[in-house]
Amino acid sequence: MTNISIIGSGLAGYLVATEVRKKLPKANITMFTATDGAYYSKPMLSTALAQDKESSDLVMFSAAAMEKRLDMKVMAHTKVKKIDSKASTIITEKGSSGYDSCILATGSDVISLRLKQKIDDKVFTVNSLDDYALFRENLSTGTRIAVIGSGLVGVEFAHDLAGAGYSVSIVGDAAYPLNLLVPAEIAQVLQRAMEKELKVKWHLNESVVAIEPNKDSVVLECASGTKINADIVLSAIGIKANIDLAKASGIRTEQGIVVDDMCRTNYSNIYALGDCAEVAGLNLHYVPPIRKCATAIAETLAGSPTTVKYPAMPVSVKSPVCPIAACIPRTKEKLTCELTGVVPDLVARFVDDNGSL
């Protein structure tokens, strides 16, 4: 009987487990996770506050429920120390386990702020259920929150917090929000809508160099000299692939765990997908790519080698005051942005020199 090990219990881990079970109904599937193994959708973390949801409300299924649903074993609170690729063995703090195929779904870590001084009990990141629970515990009526980062995560959290009634200031080092996702003209419509409808205060083209204590609150000092008063800080400057285990195990890494278009690492029986994986040169932090990779891995393990083919995969920004859907061009060609429509109903089309979309 085939033994398949999955490391990581996030969305990628459970999606690939689901697809593998469909294709291999008799396989032994074992999941290793340092958490309790609860199944939830990480994208929901940035919309939960306005809905007044506790961390427990975001859990879709417990580890025990997922074990039953997928006829698998979830090794909760079990940190993997190393993968012995030659012996096809996973080494954990609780013992070792062999595998025929291993799938890495180790996710991502937050990028830490680099500051002169950081007030640890006032600065938060939200990248897991536990993070969300701790952050929520520190919110109360009238809390002033400074969000550092004006990318997708920062914008969605700022929108959610402001929608929940908190006073929000957002600091970003780009000239406009969502600068890696949409052109300035569209981003500025979002910026104005959040400012008008949600009273969000924007500090763009700014970088935070220090966070100083001020009685029960803090003061953010920007490179320009601007000072922002806040009760707590949410750092949302970005995420990076969690590649430490792969590196320690001799698996090739660059920006993420390097895999080919079949999600295979430099070891033919070790695969990777999700935030941790760099698939054919792309490290994408969205749900649609995970689904494509999960399907391809399952097909391959079932005996039908399958490559990952990414279609157009729109990203929906969770910003109800100004809904945005974006599909980022995956090309290094020089493109021209053509804008049509009337604010706020704008469409931006990126075309090449021949006018092709």
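Provided above is the structure to which this section pertains.
Owing to the predicted nature of the structure, the values given are computational and were not obtained by experimental measurement.

1. Section: helix H3 (residues 129-137)
- Residues Leu 129, Tyr 132, Phe 135 and Arg 136 constitute the buried set of H3. End-on, the buried residues of H3 take up no more than an arc of 125 degrees, which puts them together on one face. Exposed side of H3, more than 90 degrees from the buried face: Asp 130 and Glu 137 are the residues found there.
- Those residues of H3 that are buried lie in contact with strand S9 (123-124), strand S10 (144-148), helix H4 (152-163) and strand S16 (232-235).

2. Let's talk about the nonpolar core
- In this structure, Tyr 14, Val 20, Ile 83, Ile 103, Leu 104, Ile 257 and Leu 273 are the most contacted members of the largest nonpolar core, which totals 55 residues.
- In contact with Tyr 14, other than residues within four places in its own chain, are Ser 9, Met 31, Gly 37, Ala 38, Tyr 39, Ala 63, Met 66, Leu 70, Met 72 and Val 74.

3. As for the pattern of salt bridges
- Here the structure, examined in full by the defined rule, presents ten salt bridges.
- For the salt bridge of Arg 136 with Asp 52, the shortest nitrogen-to-oxygen distance reads 2.5 Å. Linking Arg 136 in helix H3 with Asp 52 in the loop between strand S2 (28-32) and helix H2 (63-70), this pair joins segments that are 84 residues apart in sequence.
- Exposure remark for Arg 136: the relative accessible area of 19% places this residue in the buried category.
- Residue class for Asp 52 comes out exposed when judged on its relative accessible area of 56%.

4. Remarks on the environment of Met 262
- Within the secondary structure, Met 262 is located in the loop between strand S18 (257-259) and strand S19 (270-272).
- Apart from residues lying up to four places away in sequence, Met 262 is in contact with Tyr 271, Ile 297, Thr 300, Pro 305, Thr 306 and Thr 307.

5. Quick word on the packing of aromatic side chains
- A complete count under the given rule lists three aromatic pairs for this structure.
- With a centroid separation of 6.5 Å and an interplanar angle of 10 degrees, the aromatic rings of Tyr 39 and Phe 61 are classed as stacked. Placement of the pair is Tyr 39 in the loop between S2 and H2 and Phe 61 in the loop between S2 and H2, with a sequence separation of 22 residues.
- Residue Phe 61 is classed as partly exposed on the basis of its relative accessible area of 29%.
- An aromatic cluster is defined as three or more aromatic residues linked by ring pairs; in this entry it consists of Tyr 14, Tyr 39 and Phe 61.
- When the ring centre of Phe 61 is taken as reference, the NZ or CZ atom of Arg 69 above it lies at 4.1 Å.

6. Observations regarding the side chain of Ser 249
- Mapped onto the secondary structure, Ser 249 falls in the loop between helix H6 (244-248) and S18.
- One polar contact links the side chain of Ser 249 to the main-chain carbonyl oxygen of Leu 245, over a distance of 2.8 Å.
- Excluding residues that lie within four positions of it along the chain, Ser 249 makes contacts with Lys 82, Ile 83, Ser 85 and Tyr 267.

Reading the values: rules and limits
- Residues numbered from 1 in each chain as written.
- Predicted model: local features only at pLDDT ≥ 70, side-chain atom pairs only at ≥ 80, totals over all residues.
- Heavy atoms only, no water.
- Buried < 20%, exposed > 50% of the residue type's maximum accessible area, 1.4 Å probe, protein only.
- Helix = DSSP H or I, 4+ residues; strand = E, 2+ residues; numbered from the N terminus.
- Arc of directions from axis to C-beta.
- Contact = heavy atoms within 4.5 Å.
- Core = buried A, V, L, I, M, F, W, Y, C linked by side-chain atoms within 4.5 Å.
- Salt bridge = Lys/Arg side-chain N within 4 Å of Asp/Glu carboxyl O.
- Phe/Tyr/Trp six-rings, centres within 6.5 Å; stacked < 30°, edge-to-face > 60°.
- Lys NZ or Arg CZ within 6 Å of the ring centre and 35° of its normal.
- Polar contact = N/O pair within 3.5 Å; in protein donor to acceptor, adjacent residues only side chain to side chain.

Without other data, these values stay purely geometric and don't point to any function.
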